Amino acid sequence: MWDMVTLEPSTAIATCENALRHLMGHVFLKKYGAGWIEEVTTEKQRQGWPERVEAERNTRERRGVAETDGPGLTYANMYDLLLIAKKYWSDLSPALRDAYSLLERMEKIRNTTAHGRPLVTFERELLSGIAGQIRNQVTLYMSTQDPAGEIYPRIESAVDCFGHRLTGRDGPIGELFEGKVTGAIIHPGDRVQFAMTGFDTHDRPLEWWFTTPSSLRVTSVSNSREEAALEWIVTEGDVGETAVIDIHMRAEGSQYQRYHGFDQRAYFQYVVRPPVGYDPKQ
């Protein structure tokens, strides 16, 4: 037995919304093709997205975040997601079954928090429980699309301190969750932080690690659904135009892994230049 962790209201709402976006992206892309956003959303719903994108860029990219999402379901709020779900429930019901009433309940409680009114204990617990159930149902459904997913954990997201994000929105390719050539130029002495989340249907701790270009191994452990952190302290041995940080993940202590020694991986590629002031003529 283990203690149930109650998610904070903002975390619970974000968890539920992200699960819905993940499910919709998978289901609607498969059914409607590349133009699925225009198929399942209205012009009115999309109308406010560019403004939200611009606001996000103005606030985050000025603070040094390398990239933000373009228009899409990332900027659809819970109310819009609920409207989409209601209209296309027959497409989503194989995953969510009879959970629509739970989504409606979450939206009502979300309105309470949006207006600054405090939640009582049972409302906080209800939000957390709904978010957990929706996320689990989506995960279990995605596992049916990949039966091995019932056995092995999977990566859900990875982001570096520059704001480069991996979301797996196009689906994993074999062992690879997603990878990105960032183009970021760094130097020895710089520190690059990574934050990752993963999910395991069996709630096993997740082990994360990468090996630097100079062959130093960095490790971390997190609980399923919780954020893990890794840091790369760049050294002179890492200098190169294609410095890859290949992050691996597996269920800690598991006898078996999906691939040889790990369950899934993701990578970021950087340019590591010699120390500032280096003179190649010397």
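Residues numbered from 1 in each chain as written. Predicted model: local features only at pLDDT ≥ 70, side-chain atom pairs only at ≥ 80, totals over all residues. Heavy atoms only, no water.

## Focus on the sheet that holds strand β8 (residues 240–251)
In step 1: If you walk across this open sheet you meet the 5 strands as β3-β9-β8-β5-β6, and the pairing is mixed. Only two strands of the sheet have a single neighbouring strand rather than two, namely β3 (176–186) and β6 (217–222). Taking each pair of neighbouring strands and ignoring which way they run, the sheet shows an average axis angle of 15 degrees.
In step 2: Strand direction decides the pairing type here: strand β5 (residues 206–211) and β6, joined by 6 bridges, are antiparallel. Residue pairing in the sheet places Trp209 in a bridge with Thr219 of β6. (Pairing = 2+ DSSP bridges. Helix = DSSP H or I, 4+ residues; strand = E, 2+ residues; numbered from the N terminus. Axes fitted to C-alpha atoms, helices over the stretch in contact; angles between N-to-C directions.)

## So, the pairing of strand β9 (residues 264–272)
In step 1: In terms of residue burial, β9 counts as a mostly covered element, since 8 of its 9 residues are buried.
In step 2: Note: β8 against β9, 8 bridges, orientation antiparallel. Of the residues in β9, the one forming a bridge with Asp246 is Tyr267. (Buried < 20%, exposed > 50% of the residue type's maximum accessible area, 1.4 Å probe, protein only.)

## What to know about the confidence of the model for the chain
Detailed reading of the predicted coordinates is not advisable wherever pLDDT is low.
In step 1: The predicted model of the chain averages 86 in pLDDT, with 90% of residues at 70 or higher.
In step 2: In this model, residues 65–71 is a region of pLDDT below 50 whose contacts with residues beyond four sequence positions or in other chains number 30 contacts. (pLDDT = per-residue confidence, 0-100. Contact = heavy atoms within 4.5 Å.)

## Thoughts on the environment of Arg250
In step 1: Along the chain, the position of Arg250 falls in strand β8.
In step 2: Taking relative accessible area as the criterion, Arg250 reaches 22% and is therefore assigned partly exposed.
In step 3: Measuring from C-alpha to C-alpha, the distance between Arg250 and Gly198 comes to 9.4 Å, with 52 residues separating the pair along the chain.
In step 4: Contacts of Arg250, omitting those with residues within four sequence positions, involve Pro153, Pro205, Leu206, Glu207, Trp209, Gln257, Gly261, Phe262 and Asp263.
In step 5: In terms of polar contacts, Arg250 uses its side chain to reach the backbone carbonyl oxygen of Gly261, at 3.0 Å. (Polar contact = N/O pair within 3.5 Å; in protein donor to acceptor, adjacent residues only side chain to side chain.)

## Focus on the packing of aromatic side chains
In step 1: Counted according to the given criterion, the structure contains 12 aromatic pairs.
In step 2: Arranged with centres 6.2 Å apart and planes meeting at 75 degrees, the rings of Tyr32 and Tyr88 form a pair that is edge-to-face. In this pair, Tyr32 sits in helix α1 (residues 9–32) while Tyr88 sits in the loop between α5 (78–87) and α6 (89–96), placing the two residues 56 residues apart along the sequence.
In step 3: Among the residues examined, Tyr88 registers a relative accessible area of 9% and is labelled buried.
In step 4: Through a chain of ring-to-ring contacts, the aromatic side chains of Phe162, Phe194, Phe210, Trp232, Phe268 and Tyr270 assemble into a single cluster. (Phe/Tyr/Trp six-rings, centres within 6.5 Å; stacked < 30°, edge-to-face > 60°.)

## Thoughts on the pattern of salt bridges
In step 1: Going through the model one piece at a time under the given rule, you end up with 12 salt bridges.
In step 2: Asp91 is the salt-bridge partner of Lys31, the closest N and O atoms lying 2.8 Å from each other. Linking Lys31 in helix α1 with Asp91 in helix α6, this pair joins segments that are 60 residues apart in sequence.
In step 3: For Asp91, a relative accessible area of 13% gives the class buried.
In step 4: Between Arg273 and Glu241 there is a salt bridge, and its shortest N-O distance comes to 2.8 Å. Of the two residues, Arg273 sits in the segment after β9 while Glu241 sits in strand β8, which places them 32 residues apart along the sequence.
In step 5: On the accessibility criterion, Glu241 (46% relative accessible area) is partly exposed. (Salt bridge = Lys/Arg side-chain N within 4 Å of Asp/Glu carboxyl O.)

## A closer look at the sheet that holds strand β4 (residues 191–199)
In step 1: Judged by pairing direction, the sheet is antiparallel, and its 4 strands sit side by side in the order β2-β1-β4-β7 without closing on themselves. Here the strands that pair on one side only, and so sit at the sheet edges, are β2 (165–166) and β7 (228–233).
In step 2: The pairing of strand β1 (residues 154–160) with β2 spans 2 bridges and is antiparallel. Note on β2: the bridge partner recorded for Val159 is Arg165.

## A closer look at the packing of α1 against α5
Between two packed helices, what matters for the description is the angle formed by their axes and the separation of those axes.
In step 1: For the pair α1 and α5, interaxial distance at closest approach is 11 Å and the crossing angle is 40 degrees. Here α5 runs oblique to α1, going by the angle between their axes. The chirality of how α1 crosses α5 is left-handed. Of the residues in α5, those in contact with Cys16, Glu17, Leu20, Arg21, Met24 and Phe28 of α1 are Met78, Leu81, Ile84 and Ala85.
In step 2: When the residues that make up the contact of α1 with α5 are grouped by side-chain class, the tally is 8 nonpolar, no polar and 2 charged. (Parallel < 35°, antiparallel > 145°, perpendicular 65-115°, else oblique. Left-handed = near helix turned anticlockwise from the far one by under 90°. Nonpolar A, V, L, I, M, F, W, Y, C, P; charged D, E, K, R; others polar.)

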